Amino acid sequence: MKRHTPGLHQGVRNGGDILEGVFLARVDRVSYRWHPQRPFYVLRLAVLEPKEHRGHLLTGRLYCTPKALWRLNWFLRDFSYDPDLMGRDEVDEKALLGLRGIVRISRTILNGRTFLNLSGFAPAEDWEELAVSSNQEVRS
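The notes below deal with the structure included here. Just so it is clear, the model here is predicted, and its values are computed rather than measured. (Residues numbered from 1 in each chain as written. Predicted model: local features only at pLDDT ≥ 70, side-chain atom pairs only at ≥ 80, totals over all residues. Heavy atoms only, no water.)

1. Re the pairing of strand S2 (residues 40-49)
With 8 of 10 residues buried, S2 is to be regarded as a mostly interior element. Where strand S1 (residues 21-33) lies against S2, 9 bridges are found, and the strand directions are antiparallel. Paired with Leu 24 across the bridge in S2 is Glu 49. The antiparallel hairpin formed by S1 and S2 contains 6 residues in its connecting segment. Here S2 pairs with strand S3 (residues 57-63) via 7 bridges, running antiparallel. Within S3, the position partnered with Tyr 41 by the bridge is Leu 62. (Buried < 20%, exposed > 50% of the residue type's maximum accessible area, 1.4 Å probe, protein only. Helix = DSSP H or I, 4+ residues; strand = E, 2+ residues; numbered from the N terminus. Pairing = 2+ DSSP bridges.)

Listed below in structure tokens is the structure:
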């Protein structure tokens, strides 16, 4: 069977559509992926602010290896995850849905593939302060 796919001949843009910067985001979807050496959570975040990027979806990984648990803990704490569940070392995917916080996004190109990095987090309450300082960095 043949299918017509418009734009296929133009090739891949090599990550040109990946947003970078600081965003206020909401957890839209979470799923755990088991891997023998590096289990991880796949997060899909919906951008809420800045307004020009509202509605964009960002997908990234948070690894669950002993060396990477600090980053998962940072995410859970700053996105206001239930402290009782965190105190019992439990991550409930349903409890993560809808949580809001600030995320810093960067990208890495490795062997020709572009990867999105969740490189920092902050509580949603800090958005006004971080948005102003982020805009000033861009203008300088």
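Back to the text.
2. Brief notes about the pairing of strand S4 (residues 100-110)
As paired elements, S1 and S4 share 6 bridges and run antiparallel to each other. Bridge pairing in S4 places Val 22 opposite Arg 104. The pairing of S4 with strand S5 (residues 113-123) spans 10 bridges and is classified as antiparallel. When the sheet's bridge partners are listed, Ile 102 is paired in S5 with Ala 122.

3. What to know about the sheet that holds S5
Read across the sheet, 5 strands follow the order S3-S2-S1-S4-S5 without closing on themselves; strand pairing throughout is antiparallel. The open sheet has two free edges, formed respectively by S3 and S5, since each of these has just one partner strand. For this sheet the average axis-to-axis angle between neighbouring strands, irrespective of direction, equals 45°. Running over the sheet, helix H1 (residues 69-78) touches S1, S2, S3, S4 and S5 and is turned about 50° from S5. (Axes fitted to C-alpha atoms, helices over the stretch in contact; angles between N-to-C directions. Contact = heavy atoms within 4.5 Å.)

4. Here we look at the packing of aromatic side chains
The final tally for this structure, using the stated rule, is 7 aromatic pairs. When the centroid spacing of 6.2 Å and the interplanar angle of 80° are considered together, the rings of Phe 79 and Phe 121 count as edge-to-face. Here the residue Phe 79 occupies a position in the loop between H1 and helix H2 (83-87), and Phe 121 occupies one in strand S5, the gap between them amounting to 42 residues. Exposure class is identical for Phe 79 and Phe 121. Each is buried. Through successive ring pairs, a cluster of aromatic residues spans Trp 70, Trp 74, Phe 75, Phe 79 and Phe 121. The ring of Tyr 63 has Arg 38 sitting right over it, with the charged end atom 4.0 Å from the ring centre. When the ring centre of Phe 40 is taken as reference, the NZ or CZ atom of Arg 61 above it lies at 4.1 Å. (Phe/Tyr/Trp six-rings, centres within 6.5 Å; stacked < 30°, edge-to-face > 60°. Lys NZ or Arg CZ within 6 Å of the ring centre and 35° of its normal.)

Spatial relationships are all this shows, so hold off on functional conclusions.
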